[in-house]
Amino acid sequence: MGKVYVFDHPLIQHKLTYIRDVRTGTKEFRELIDEVATLMAFEITRDLPLKEVDVETPVQKAKSSVIAGKKLGVVPILRAGLGMVDGILKLIPAAKVGHVGLYRDPETLKPVEYYVKLPTDVEERDFIVVDPMLATGGSAVEALNSLKKRGAKNIRFMCLIAAPEGVEEVKKYHPDVDIYIAALDEKLNEKGYIVPGLGDAGDRMFGTK
Ligand code: PRP
Ligand code: URA
């Protein structure tokens, strides 16, 4: 069964408070999401395998470690997931980036897929699917289906704020996928928004309504 990790690092929690704050404007919202994505990327890469290499320091030759040639793919769920990509690439600059375009139908709350483009070597890559919000879980489940249908085998899901309902949905349909979140909120409201959440992530990030 997939594990759920909540990143309780004080810097992540501090920045998340300002991301939630209704008074935070688009520019600052984007900057904060970018910073939190970097901090989360630092935590999520904790278990990347290392290999030993030789290095010559100014003092002497030594053995040291580098990341073993893992092929990583970062896949934002459009739109809001885009805001997390640069923050992750600051730490993993060689990662390839795929895109899954989904929007949630406002009436049915069901995801509608409109775009998919993934990096090459899908079967050999480890993927991190990113989206700030995991609400009903419909979008995450659909994005994970989309990757698996194209051959992805090793996938993690990373988001800022999750509702318990969304976590359960991902665990039900993708028990092999570990979930990494900054906060597990209370519930969904009648419109499918996370409570207390941060509102509409895409609209706050791009200044739309
Ligand atoms: C938001 C969010 C997730 C989805 C989560 O996107 O970024 O993708 O809702 O909701 P769910 O778990 O109930 O599926 P939205 O559909 O608003 O699209 P947008 O990013 O294009 O605004
Ligand atoms: N999508 C968002 O952007 N926010 C929510 O609270 C739920 C879904």
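Residues numbered from 1 in each chain as written. Chains lettered and ligands numbered in written order. Predicted model: local features only at pLDDT ≥ 70, side-chain atom pairs only at ≥ 80, totals over all residues. Heavy atoms only, no water.

1. A word on the overall build of the protein
What the protein contains, in helices and strands, is six helices and 13 strands. In terms of overall size, the protein behaves like a compact globule, its C-alpha atoms giving a radius of gyration of 18 Å where 209 residues would be expected to give roughly 17 Å. Each of the 209 residues in the protein was classed as buried or not, and the buried ones make up 46%. Here the analysis covers contacts within the protein between residues at least 6 apart in sequence; of these, 64% occur between residues at least 24 apart. Accessible surface for the protein amounts to roughly 11100 Å². Of this, 54% is attributable to carbon and sulfur atoms. A distance of 2 Å separates the average location of the 30 positive side-chain charges in the protein from that of its 31 negative side-chain charges. (Helix = DSSP H or I, 4+ residues; strand = E, 2+ residues; numbered from the N terminus. Rg over C-alpha atoms; globule rule 2.2 N^0.38 Å. Buried < 20%, exposed > 50% of the residue type's maximum accessible area, 1.4 Å probe, protein only. Contact = heavy atoms within 4.5 Å. Areas by Shrake-Rupley, 256 points an atom, 1.4 Å probe, with all protein chains shown as cover. Lys, Arg positive; Asp, Glu negative; His and termini not counted. Charge placed at Lys NZ, Arg CZ, Asp CG, Glu CD.)

2. Structural notes on the site of ligand 2
The environment of ligand 2 is formed by R104, M133, A135, G192, Y193, I194, G199, D200 and A201. Measuring from an oxygen atom of ligand 2, one finds a backbone N or O atom of I194 at 2.8 Å. Here A201 contributes a backbone N or O atom positioned 2.8 Å from an oxygen atom of ligand 2. When isolated, ligand 2 has an accessible area of 240 Å², and the protein chains bury 87% of it. (Near = heavy atom within 4 Å. Polar contact = N/O pair within 3.5 Å; in protein donor to acceptor, adjacent residues only side chain to side chain.)

3. Concerning the side chain of T24
Mapped onto the secondary structure, T24 falls in the loop between α1 (10-20) and α2 (26-44). Among the polar contacts made by the side chain of T24, one reaches the main-chain carbonyl oxygen of Y18 at a distance of 2.6 Å. When residues no more than four places from it in sequence are discounted, the contact partners of T24 are Y18, F29, L32 and R204.

4. Section: the pattern of salt bridges
By the definition in use, this model includes 14 salt bridges. For E168, the salt bridge is made with K171, and the minimal N-O distance between the two is 4.0 Å. In this pair, E168 and K171 are both assigned in helix α5 (residues 164-173), three residues apart and thus about one turn of the helix distant. Three or more residues joined by partner-sharing salt bridges are found here, namely K71, D121, E124 and R125. (Salt bridge = Lys/Arg side-chain N within 4 Å of Asp/Glu carboxyl O.)

5. A closer look at the packing of helix α4 (residues 138-149) against α5
Their axes nearest at 8 Å, the elements α4 and α5 cross at an angle of 25 degrees. The angle between the axes of α4 and α5 places the two elements in the roughly parallel class. Both α4 and α5 take part in a crossing whose hand is right-handed. Taking contact as the criterion, the partners of A140, V141 and L144 in α4 are, on α5, E169, V170 and Y173. (Axes fitted to C-alpha atoms, helices over the stretch in contact; angles between N-to-C directions. Parallel < 35°, antiparallel > 145°, perpendicular 65-115°, else oblique. Left-handed = near helix turned anticlockwise from the far one by under 90°.)

6. Thoughts on the UniProt feature "binding site: 5-phospho-alpha-D-ribose 1-diphosphate" (unreviewed entry) in the protein
Listed under "binding site: 5-phospho-alpha-D-ribose 1-diphosphate" (unreviewed entry) in the UniProt record, and renumbered for this structure, are R79, R104, D131, P132, M133, L134, A135, T136, G137, G138, S139 and D200. For L134, the position within the fold is in strand β9 (residues 133-134). Note on L134: relative accessible area 1%, which makes it buried. Residue contacts for L134: discarding those within four places in its chain leaves A140, F157, C159, I161, A162, A163, G166, V167, V170, I179 and I194. In this fold, A135 is placed in the loop between β9 and α4. Setting aside residues no more than four positions away along its own chain, A135 makes contact with R104, A163, E165, G166, L188, G192 and I194. (UniProt positions renumbered as here; feature names shortened; annotations may be inferred.)

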